[in-house]
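# A closer look at the structure
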Number of protein chains: 2
Amino acid sequence: MSFLYIERVDGAIATHDKTALVAELQALLPDLQVLHASEDVRPYECDGLSAYRASPMLVALPDRVEQVQALLKFASARQIPVVARGAGTGLSGGAMPLEKGILLVMARFNRILDIDVEASTARVQPGVRNLAISQAAAPHNLYYAPDPSSQIACSIGGNVAENAGGVHCLKYGLTVHNILKLDVLTIDGERLTLGSEALDCPGFDLLALFTGSEGMLGIVVEVTVKLLTKPQSAKVLLASFDDVEKAGRAVGQIIGAGVIPGGLEMMDNLAIRAAEDFIKAGYPVNAQAILLCEVDGAESDVREDCDRVDALLRAAGATDIRVAKDEAERQRFWAGRKNAFPAVGRISPDYYCMDGTIPRRQLPRVLKSIARLSAEFGLRVANVFHAGDGNMHPLILFDANAPGEMDRAEAIGARILELCVEVGGSITGEHGVGREKINQMCAQFNSDELTLFHSLKAAFDPAGLLNPGKNIPTLHRCAEFGSMHIHHGAVPFPELERF
Amino acid sequence: MSFLYIERVDGAIATHDKTALVAELQALLPDLQVLHASEDVRPYECDGLSAYRASPMLVALPDRVEQVQALLKFASARQIPVVARGAGTGLSGGAMPLEKGILLVMARFNRILDIDVEASTARVQPGVRNLAISQAAAPHNLYYAPDPSSQIACSIGGNVAENAGGVHCLKYGLTVHNILKLDVLTIDGERLTLGSEALDCPGFDLLALFTGSEGMLGIVVEVTVKLLTKPQSAKVLLASFDDVEKAGRAVGQIIGAGVIPGGLEMMDNLAIRAAEDFIKAGYPVNAQAILLCEVDGAESDVREDCDRVDALLRAAGATDIRVAKDEAERQRFWAGRKNAFPAVGRISPDYYCMDGTIPRRQLPRVLKSIARLSAEFGLRVANVFHAGDGNMHPLILFDANAPGEMDRAEAIGARILELCVEVGGSITGEHGVGREKINQMCAQFNSDELTLFHSLKAAFDPAGLLNPGKNIPTLHRCAEFGSMHIHHGAVPFPELERF
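Residues numbered from 1 in each chain as written. Chains lettered and ligands numbered in written order. Predicted model: local features only at pLDDT ≥ 70, side-chain atom pairs only at ≥ 80, totals over all residues. Heavy atoms only, no water.

### Side note on the overall build of chain A
Stated precisely, the cut-off is as follows: Secondary structure is summarised from DSSP: a helix means a run of H or I of at least four residues, a strand means a run of E of at least two, and numbering begins at the N terminus for each. Computation of the radius of gyration draws on C-alpha atoms, with the globule rule given as 2.2 Å multiplied by the number of residues to the power 0.38. Burial status follows relative accessibility: with a 1.4 Å probe on protein chains alone, a residue under 20% of its type maximum counts as buried, one over 50% as exposed, and anything between as partly exposed. Residues are treated as being in contact if the distance between any of their heavy atoms lies within 4.5 Å.
When its secondary structure is counted, chain A shows 19 helices and 20 strands. For 499 residues, the compact-globule estimate of 2.2 N^0.38 gives 23 Å, and chain A sits close to it at 23 Å. Viewed in the frame of its principal axes, chain A has a C-alpha envelope of about 70 × 55 × 45 Å. Across the 499 residues that make up chain A, the buried fraction comes to 61%. Pairs at least 24 residues apart make up 72% of the contacts formed inside chain A by residues separated by at least 6 positions.

### Topic: the confidence of the model for chain A
For clarity, the cut-off: Per residue, pLDDT measures the predictor's confidence, with a range of 0 to 100.
When the pLDDT values of chain A are averaged, the result is 90; 94% of them are 70 or greater. Scored below 50 in pLDDT, residues 487-499 of chain A shows 28 contacts in the model against residues more than four places distant or in partner chains.

### A short note on the interface of chain B and chain A
The following threshold applies: As used here, buried area is the combined drop in accessible area, with a 1.4 Å probe, of two parts when they are placed together. Criterion for a salt bridge: a side-chain nitrogen of Lys or Arg within 4 Å of a carboxyl oxygen of Asp or Glu.
Across the contact, 70 residues belong to chain B and 69 residues belong to chain A. Across the interface of chain B and chain A, roughly 5600 Å² is buried in total on both sides, 61% from carbon and sulfur atoms. Connecting chain B to chain A are four salt bridges. Of the charged contacts, one joins arginine 361 of chain B and glutamate 197 of chain A as a salt bridge, the two residues approaching to 3.1 Å between their closest N and O atoms.

### What about the relation of the copies chain B and chain A?
What counts here: Least squares is the method used to superpose the copies, on C-alpha atoms of residues holding a pLDDT of at least 70 in both.
For the match of chain B to chain A, the screw axis carries a shift of 0.0 Å, the RMSD comes to 0.0 Å, and the turn is 180°. Classification of the inter-copy transformation places it as that of a two-fold axis. Residue by residue, 99% of the interface of chain B is reproduced at the interface of chain A, so both copies engage with the same surface.

### Comments concerning the UniProt feature "domain: FAD-binding PCMH-type" (unreviewed entry) in chain A
Inclusion rule: UniProt positions are given in the numbering used here, feature names are shortened, and annotations may be inferred rather than shown by experiment.
When the UniProt feature table is mapped onto this chain numbering, "domain: FAD-binding PCMH-type" (unreviewed entry) sits at residues 52-230 of chain A. Regarding residues 52-230 of chain A, the helix share stands at 21% and the strand share at 25%, and the terminal C-alpha atoms are separated by 39 Å.

### Some words on the environment of proline 97 of chain B
Residues and elements named next belong to chain B. Inspection of the secondary structure assignment puts proline 97 in the loop between strand E3 (82-85) and strand E4 (102-105). Residue classification places proline 97 among the buried residues on the basis of a relative accessible area of 1%. Put simply, proline 97 and valine 82 are 15 residues apart on the chain and 8.4 Å apart in space, counted from C-alpha to C-alpha.

### Some points on the packing of helix H2 (residues 18-28) of chain A against helix H4 (residues 65-78) of chain A
Residues and elements named next belong to chain A. Selection rule: Each axis is a line fitted through C-alpha atoms, and for a helix only the stretch in contact is used; angles between axes span 0 to 180 degrees, taken between their N-to-C directions. In a left-handed crossing the near helix is turned counterclockwise from the far helix by less than a right angle, and in a right-handed crossing that turn is clockwise.
Interhelical geometry of H2 versus H4 gives an angle of 145° and a closest axis separation of 11 Å. Crossing angle aside, the handedness with which H2 passes H4 is right-handed. On H4, the residues touching Leu21, Glu24, Leu25 and Leu28 of H2 are Ala70, Leu71, Phe74 and Arg78.

### Overview of the sheet that holds strand E12 (residues 233-241) of chain B
All names here are of chain B. This is how the line gets drawn: Pairing between strands is defined by DSSP: at least two bridges between the two strands are required.
Here seven strands make up an open sheet; going across it, the order is E15-E12-E14-E13-E18-E20-E16 and the pairing antiparallel. If you trace the sheet from one side to the other, it starts and ends with strand E15 (320-323) and strand E16 (350-353), each paired once. Within this sheet the neighbouring strands show an average axis-to-axis angle of 20°, counted without direction. Direction of pairing for E16 relative to strand E20 (residues 394-398): antiparallel, over a ladder of four bridges. Bridge pairing in E20 places aspartate 350 opposite phenylalanine 398. Where helix H14 (residues 363-377) meets the sheet, it contacts strand E13 (263-268), strand E18 (381-385) and E20, and its direction lies at approximately 155° from that of E18.

### A few points about the domain arrangement of chain A
All names here are of chain A. Here is the rule we go by: Domain start and stop points were drawn from an automatic or database domain assignment. Only Asp, Glu, Lys and Arg are considered charged in this grouping, and only Ala, Val, Leu, Ile, Met, Phe, Trp, Tyr, Cys and Pro are considered nonpolar; every other residue, Gly among them, is considered polar.
Each domain of chain A was delimited in the assignment, giving domain 1 (3-105), domain 2 (112-229) and domain 3 (233-422). Look at where the C-alpha atoms of domain 2 and domain 3 centre, and you get two points 28 Å apart. On the domain 3 side, the residues contacting the seven residues of domain 2 number 14 residues. Summed over both partners, the interface of domain 2 with domain 3 buries about 860 Å², with 57% contributed by carbon and sulfur atoms. For the domain 2 face of the interface with domain 3, the top three residues by lost area are Val167, Leu170 and Lys171, together amounting to 71%. At the junction of domain 2 and domain 3, the tally comes to one salt bridge. Aspartate 296 is the salt-bridge partner of lysine 171, the closest N and O atoms lying 2.5 Å from each other. Looking at the side of domain 2 that touches domain 3 residue by residue, the class counts come to four nonpolar, two polar and one charged.

### Some remarks on the state of the cysteines
All names here are of chain A. Heads up, the rule is: The disulfide criterion used throughout: a pair of cysteine sulfur atoms within 2.5 Å.
One pass over the full model with this rule turns up two disulfides over all chains. Two residues, cysteine 442 and cysteine 478, share a disulfide whose sulfurs are 2.1 Å apart. Taking the sign of the S-S torsion, about -80° here, the bridge from cysteine 442 to cysteine 478 comes out left-handed. Taken together, the residues cysteine 442 in helix H16 (residues 441-444) and cysteine 478 in helix H18 (residues 475-481) connect sequence positions 36 residues apart. You'll find cysteine 442 and cysteine 478 in the same group, each marked buried.

### Here we look at the sheet that holds strand E8 (residues 179-185) of chain B
Residues and elements named next belong to chain B. Taken in spatial order, the five strands of this open sheet run E5-E6-E10-E8-E9, and their pairing is antiparallel. Edge strands, defined here as strands with exactly one partner in the open sheet, are strand E5 (112-116) and strand E9 (191-195). Pairwise comparison of adjacent strand axes, ignoring direction, gives a mean angle of 15° for this sheet. Sitting on the sheet, helix H5 (residues 130-137) touches E5, strand E6 (121-124) and strand E10 (219-226), and the angle it makes with E5 is about 45°.

### A short note on the side chain of asparagine 467 of chain B
Residue and element names in this part refer to chain B. Note the cut-off: N or O atoms closer than or at 3.5 Å make up a polar contact, with two conditions inside protein: a donor-capable atom paired with an acceptor-capable one, and, for residues adjacent in sequence, both atoms drawn from side chains.
Along the chain, the position of asparagine 467 falls in the loop between helix H17 (447-460) and helix H18 (475-481). Asparagine 467 gets classed as buried once you look at its relative accessible area, which sits at 1%. A distance of 2.9 Å separates the side chain of asparagine 467 from the backbone oxygen of glutamate 214, its partner in a polar contact. Of the polar contacts made by the side chain of asparagine 467, one reaches the side chain of lysine 470; its length is 2.8 Å. Beyond its immediate sequence surroundings of up to four residues, asparagine 467 is in contact with Val82, Val83, Gly94, Glu214, Gly215 and Met216.

### A closer look at the pairing of strand E6 (residues 121-124) of chain A
Residue and element names in this part refer to chain A. Both strand E5 (residues 112-116) and E6 contribute to a ladder of four bridges, which runs antiparallel. Following the sheet pairing, isoleucine 112 is matched in E6 by valine 124. Linking two consecutive strands that pair antiparallel, namely E5 and E6, is a turn of four residues; a positive phi of about 55° is found at serine 120 within it.

### Observations regarding helix H11 (residues 299-315) of chain B
Inclusion rule: Take the number of residues in a helix, subtract one, and multiply by 1.5 Å to get its expected span.
In this model, H11 of chain B (17 residues) spans 25 Å end to end at C-alpha, consistent with the 24 Å of a helix rising 1.5 Å per residue. Considered for burial, the residues of H11 of chain B that qualify are Ser300, Asp301, Val302, Asp305, Cys306, Val309, Asp310 and Leu313 of chain B. Here the buried face of H11 of chain B lies against helix H11 (299-315) of chain A together with E12, helix H9 (244-256), strand E14 (289-297) and E15 of chain B. Of the residues one or two after H11 of chain B, glycine 317 of chain B is the one with positive phi, at around 100°.

### Thoughts on unusual backbone geometry
In terms of backbone geometry, most residues other than glycine have negative phi values and most peptide bonds are trans. Even without being a glycine, asparagine 141 of chain A presents a positive backbone phi close to 65°. Along the polypeptide, asparagine 141 of chain A turns up in the loop between helix H5 (130-137) and strand E7 (142-143). Although it is not a glycine, glutamine 79 of chain B sits at a positive phi angle of roughly 60°. Tracing the backbone through its elements, the reader meets glutamine 79 of chain B in the loop between helix H4 (65-78) and E3. Judged by relative accessible area, glutamine 79 of chain B falls into the partly exposed class, the value being 24%.

### Here's the deal with the packing of aromatic side chains
The description of an aromatic ring pair rests on the distance of the ring centres and on the angle between the ring planes. Keep this limit in mind: Ring pairs are drawn from Phe, Tyr and Trp, using the six-membered ring of Trp, whenever the two centres fall within 6.5 Å, and their geometry is named by plane angle: stacked under 30 degrees, edge-to-face over 60, tilted for the rest.
One pass over the structure, following the stated rule, counts 10 aromatic pairs over all chains. Look at phenylalanine 210 of chain A and phenylalanine 460 of chain A: their rings are 6.4 Å apart centre to centre, the planes differ by 65°, and that puts the pair in the edge-to-face class. Placement of the pair is phenylalanine 210 of chain A in helix H8 (residues 206-210) and phenylalanine 460 of chain A in helix H17 (residues 447-460), with a sequence separation of 250 residues. An identical accessibility class is assigned to phenylalanine 210 of chain A and phenylalanine 460 of chain A; each is buried. Taking 6.4 Å as the distance between ring centres and 70° as the angle between the ring planes, the aromatic pair formed by phenylalanine 341 of chain B and tyrosine 351 of chain B counts as edge-to-face.

As structure tokens, then:
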């Protein structure tokens, strides 16, 4: 592995004379927009995770692939780190800039290049918004399935970088399952094509390797996505439970029975009350938990699935089940869920949104453990999440102005993520690792696995210039962090031992 | 990149004293079954592609993971190449042994370790046969979706190595889409876990990188697969066409209309007649092409889809459409397709089965080009293939005893694969690259892409001991082969230029 590369992740980045660099860059690429005054770069100090901030040395806003190629060659020759940014909606600090680095903003690559109706694919630039793809495909009765909550703003390039999910990924998969081909630039400005329009591609699966790599392997300049035909019909059921664990068990029973809902979401009492206060969705405020289960497909199929889910929910102990009687009510049911985060924001000065994934069968156990941790740390935790795929989003409520609360919020968050690893899950579902969860990677992976990640990174970027310090921790960092790899089941986890 | 590694792929493998090695190995692992006499290793000279043969130095048949670990450490310390083999049904020579290497046969790892009905997963050893998983899951109304034609014999470890597909992969995906977790050993005998039982896994997507890597990155010792609920109902339509290209166009129109059939297969007249002579499936022997389209799912859904497919087929110019009237006729329709390869074997002394994938919209164009090549080379070509996902299997008929015919068969095969690349497809659909198509990889990828593959290989296996000489050609080989990367659309392809 390259010595340079290891230096870079450990933070040894050379300091450049900014004024001279900007002048050189402008001479090389007079058409490229570059921001460097401190007031101009301020809007780029963080992404959607505002707790992690830095002021980039300079911000480049190219609008042609040739500019990006030249910029990468420029940075590579001078050993300047490059952090790519899409729409800046990421929630793990993956696009946080470096003070000694270039922030490469891909937002201007916002053209839909082609929609091929017969092949059901779209070829788009990386700055195209997620929702804009579905809007452009709508006249052909097609849409792009992954739908992160930020879909109105987030860009497809960022979706690829973080392997984004959404409410519908239970049935339709993550970003990696919905893209066919990527055109990327290496740190040397070489253009590579990963994947193909055909079913399979020989050689190693670089398309999947690149997806979710958080800007560490190269820069995406074009994405070919799969489009799906819109389902004929969709119905949503709202089931109330007097016990959180019963709701957790119902999730496994629905999927175990062979129904794959379009969406299967869970909210606990704290989240239900916050959402109902805010949105008036018609939620049962006394329920300890609700499940929202949407079934979609052909008309007749939806009717059948709806009956099966109803029976399964009753058998699992639901105290009340309502099927949205019309499209307006269906939208209202979803509006409560989709606005649950801002709703929780109304009942607490601050909140910290976690993102971890667990095997479905562990839902009841983990919900119980989170309640126990909440009591232990003296902080309220609201649970609103993609229950069907075990992707939890505990919202930790705190007040940053109350002494010690922020530290306690971070501590309970870390414990929850480690709990996810302990039960066979992972420290991220769809938000990525970025800067936020780099320490928890030490719990998720052992030193052999981390070394392998670094070797792969070095194969693409031997000098470690692309997004250094994110996603993959050094072994040195893990040793400092102190908590190395949790062997599944081997080391008893204190939260679980008490029950 | 390691110098040693590059030497190895170029064929510079040291010669060991076999007798001494066997004695050492038996002293180290007295329980390990080792074959080395020439009559004992003969059955292992080739996999399903008998054209490529070699006699392995020794064959190891471990039955415990610890033996495999010790064996790998043994080989690694002595720089002996290791080729892994599952059931030996592969069709591209991926498991062809090396005369100076160890053939590591994983067939004895044939236990199903666990079926988790709630999670719909099975944890199995790599030597478990593909069909055995579905058989074990059947009492729970579950099955494992990928179904290569060899499913009665091929093992799941080999399926992972080749990213195997099958008739149903159009709707249900390839192996990579149907596995959750792999336990693998590196060349140093370290055990790594790739993927997880949860929805997503942070870090780089090693699970996907490993799947389809043809034994070049490590040895699979455990696989966790997804299981699906069996569809309630399935119907198959048999449509006749008086023109191959019309049938090709119909394929795109069905998928373009949003129907995703469980299977969508095509056969041309030569294949139809051969199959009908052999199986009496009730095929129309005068049709120029038939499509077999199976729709599966809930009862009512299947009825609806069946009507839609019928209308689409008629609009596309089908001259006759029959729906299998009962399960017996459905099985008969499929029996003709599934036995098409041996049926073609009855009408020609030899045949060479190709495997390439193209975007669906290119089907009519490529079928026309194959007919032209067939005439040019004076060899019959039968087309039997997974039309829905553009995965072609042209069968080139020849007589190995007729002077020059085998060379002509290889030449037309290579031209067909290059044609697949030229239209935006790939040189393999589900059979892998192995030894057979290593030269065509030079057409599929440019030198930057091949260099990247070698760097990734070196990250896992710096000394290049795992399955050297397969899958990824050296740049040196490509230079010798003479035909470098075909840029899609940039270099006109002679077969296409004539039309």
